[in-house]
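Next come the chains, spelled out residue by residue.
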Amino acid sequence: MAGCSSAPPACGCKGIRSCLLCESPAGGLARELHETKSFVYVPEEGVAEGIVASDAAGWWFPFPGVTLIEGFVTEDEERAMVHAMDEDGWRLSQSGRRKQDFGPKVNFKKQKIKVAHFTGLPSFSKTLWERMKNHTVLKGFLPVEQCNLDYNPDRGSGIDPHFDDDWLWGERLVSLNLLSDTVLTMTSAAADDLQLLSTLNQHSEPNTIGNRVNNVQSDHQDCVHPGRPKTAVVPYSNVEVAVHLPRRSLVVLHGDARYKWKHAIHREHIKWRRVCSTFRELSAEFSAGGKEESQGQMLLDIALSFQGKSV
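Definitions and limits used
Residues numbered from 1 in each chain as written. Predicted model: local features only at pLDDT ≥ 70, side-chain atom pairs only at ≥ 80, totals over all residues. Heavy atoms only, no water. Salt bridge = Lys/Arg side-chain N within 4 Å of Asp/Glu carboxyl O. Helix = DSSP H or I, 4+ residues; strand = E, 2+ residues; numbered from the N terminus. Buried < 20%, exposed > 50% of the residue type's maximum accessible area, 1.4 Å probe, protein only. Contact = heavy atoms within 4.5 Å. Phe/Tyr/Trp six-rings, centres within 6.5 Å; stacked < 30°, edge-to-face > 60°. Lys NZ or Arg CZ within 6 Å of the ring centre and 35° of its normal.

(A) Spotlight on the pattern of salt bridges. Following the criterion strictly, the structure yields 16 salt bridges and no others. A salt bridge links Asp 150 to Arg 98; the nearest nitrogen and oxygen atoms lie 3.2 Å apart. With Asp 150 in strand E9 (residues 145-151) and Arg 98 in strand E6 (residues 98-102), the pair connects residues that are 52 residues apart, well separated along the chain. Its relative accessible area of 1% is what places Asp 150 among the buried residues. Given a relative accessible area of 26%, Arg 98 falls into the partly exposed group. Across the salt bridge formed by Glu 281 and Arg 172, the nearest N and O atoms sit 2.9 Å from each other. Taken as a pair, Glu 281 in strand E18 (residues 274-282) and Arg 172 in strand E11 (residues 169-178) lie far apart in primary sequence, 109 residues in all. Arg 172 matches Glu 281 in its accessibility class, with the two residues each being buried. Salt bridges sharing partners connect three or more residues here, namely Asp 86, Arg 98, Asp 150, Arg 155 and Arg 273.

In structure tokens, the structure reads:
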């Protein structure tokens, strides 16, 4: 009688990346969950605050470069978009994800671009792009690539800390979060130190980043907590910032959040199915006035036809 196959289920992982499917007993031990984040992003104030009952409690620091727009799409729009994605079909990707690509095929290491199968962004994204123009942070944003990703807790889906390419892709990274809430985790390997400011040195004015900075510089802060230092210094590598992404929200990363902080989605923050659409713009090299302007314009002409099929 033929023996039973013990091969693990197929997945899209390569190299050091893995998911729950290839971390089964046949494929190796599952990795430990990531530790609790030390800081949480406060979108109303543009700062990162130490989480209560952690060693970062009572400290904060400015955290520029993140814009969170809640309720960017309606429930009906969300339902229609995910249905369209499911009808189009998904391809296996790494770390337990599935994906759909609407963009040129790029070899970032060799800096080569192929457009043979690039037909543009999907039709439903034209409405999203028109809506983006209503927000100052996205003024002049011209999406040239869209990547849809499907996360599922049964597959242990996640994505490791990383920077997006900056040879082809430009300043702003835009991501629409669908079907469930999640957390974007920001970390940095910068060699310099990060200055933390004490929340105990604040007055009672409304909490804005301007007020916080003014309060820290106030001559009267010693009376609030005379034994507490006003500032502290820690290595960037010791800090994590959790950016909570509500369902149907749009997040924009730019500036320091784009170039100084890596971003990740840890599998413990995927509680239910999550679908996201990430939009990227061209770098200066491929934009007006850049040395690859003509190629960039050709990519935009294809992208903004909104007639695309996933490649």
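Resuming the write-up.
(B) Spatial organisation of the side chain of Ser 93. Mapped onto the elements, Ser 93 comes out in the loop between strand E5 (91-92) and E6. Sequence-distant contacts of Ser 93, that is, excluding residues within four places in its chain, are made with Gly 12, Cys 13, Arg 98 and Lys 99.

(C) Representation of the packing of aromatic side chains. Across all of its chains, the model carries 9 aromatic pairs by this definition. Aromatic pair Tyr 236 and Trp 261: ring centres 5.5 Å apart, planes at 65°, arrangement edge-to-face. You can see Tyr 236 sitting in the loop between strand E14 (231-235) and strand E15 (240-245) and its partner Trp 261 sitting in the loop between helix H4 (256-259) and strand E17 (262-265), a full 25 residues away along the chain. The exposure classification of Tyr 236 matches that of Trp 261, with both residues buried. An aromatic cluster of at least three residues, connected via ring pairs, comprises Phe 39, Tyr 41, Phe 61, Phe 63, Tyr 236 and Trp 261. A cation over a ring is seen here: Arg 131 above Phe 72, with NZ or CZ 5.9 Å from the ring centre. One Lys or Arg, Arg 274, reaches over the ring of Tyr 151 and ends 4.9 Å from the middle of that ring.

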